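# A closer look at the structure
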Amino acid sequence: MPYADLDPIDRRILREVQHDGRVTNQDLSERVGLSPSPCLRRVRRLEADGVIARYVGLVDPVAVGLPVSAFIRVRLHQQDDRHLARFEAAVAAFAEVMECYLMSGDADYQLRVLVESLGAFEDFLRQKLTRIEGVAEVTTSFALRAIVYKTALPI
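Attention in this report is confined to the structure presented alongside it. (Residues numbered from 1 in each chain as written. Predicted model: local features only at pLDDT ≥ 70, side-chain atom pairs only at ≥ 80, totals over all residues. Heavy atoms only, no water.)

## Observations regarding the packing of aromatic side chains
Two aromatic rings, taken as a pair, are described by how far apart their centres are and by the angle between their planes. Note the following rule: The criterion for an aromatic pair is that two Phe, Tyr or Trp rings (for Trp, the six-membered ring) have centres within 6.5 Å, with stacked assigned to planes under 30 degrees apart, edge-to-face to planes over 60 apart and tilted to the rest. To qualify as a helix, a DSSP run of H or I must reach at least 4 residues; to qualify as a strand, a run of E must reach at least 2; elements of each kind are numbered from the N terminus.
This structure, assessed with the given rule, holds 4 aromatic pairs. Residues Phe94 and Phe124 carry aromatic rings whose centres are separated by 5.7 Å and whose planes lie at 90 degrees to one another, so their mutual orientation is edge-to-face. Residue Phe94 is found in the loop between helix H4 (81-92) and strand S2 (97-102), and its partner Phe124 is found in helix H5 (residues 118-127); the two are separated by 30 residues along the sequence. These aromatic residues form a ring-pair network of at least three members: Phe94, Phe121, Phe124 and Phe142.

And the structure:
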């Protein structure tokens, strides 16, 4: 669904669903000013069109023993398709990697990693990340505390 095709009601639906993915259709329809049937049709269309990609529960990392958040910048020896694909497949398989972006600038990739301790981070770095063929340089910054953390898009 192209950006221009989202009308104000679609946007209200998206804001509400981002705030509470478990909202009932009845409550959602009341919040956006529609009757339940047209509201459900719109939600189903937004899902079918890929605007609503999936529903998830957000878990507090500290509450489950993952208080260390590291941001890692990685440079590869070579940036050809084969090396990029190899690196991307490897990091996608690591449970610790929460996000990975192909970057412009000084680093080829930026990763966000969650682990239970600095020792666990060292193990991740030495036993996993730096063993990927083609990794030339790794630079890490540790988050001291989160200032802004949003999951809802500004729709």
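## Regarding the pattern of salt bridges
Threshold: When a carboxyl oxygen of Asp or Glu is within 4 Å of a side-chain nitrogen of Lys or Arg, the pair counts as a salt bridge. Exposed residues in this analysis have more than 50% of their type's maximum accessible area, buried residues have under 20%, and partly exposed residues fall in between, with area computed by a 1.4 Å probe over protein chains only.
Here the structure, examined in full by the defined rule, presents 10 salt bridges. A salt bridge links Glu137 to Arg75; its shortest N-O distance comes to 3.3 Å. Of this pair, Glu137 sits in strand S4 (residues 135-142) while Arg75 sits in strand S1 (residues 68-76), and the two are 62 residues apart along the sequence. For Glu137, a relative accessible area of 36% puts it in the partly exposed group. According to the relative accessible area criterion, Arg75 is partly exposed, its value standing at 37%. Among the salt bridges present, the one from Glu122 reaches Arg126, with a minimum N-O distance of 3.1 Å. In this pair, Glu122 and Arg126 are both assigned in helix H5, 4 residues apart and thus about one turn of the helix distant. Taken together, the salt bridges that share partners define one network made up of Asp7, Asp10, Arg42 and Arg45.

## Focus on the nonpolar core
To be explicit about the condition: Nine residue types can take part in a nonpolar core, namely buried Ala, Val, Leu, Ile, Met, Phe, Trp, Tyr and Cys, and a core is a set of them joined through side-chain atoms within 4.5 Å. Every residue pair with non-hydrogen atoms within 4.5 Å of one another is taken to be in contact.
Counting residues in each nonpolar core, the largest one holds 22 residues, and the members touching the most others are Ile72, Val74, Phe87, Leu111 and Leu129. Those elements giving two or more residues to this core turn out to be S1, H4, strand S3 (109-115) and H5. Filtering out sequence-adjacent residues up to four positions away, Leu129 remains in contact with Ile72, Val74, Phe87, Val91, Phe94, Leu111, Phe124, Val135 and Val138. Grouped together as the second largest cluster of nonpolar side chains are 12 residues, Val23, Leu28, Val43 and Ile52 included.

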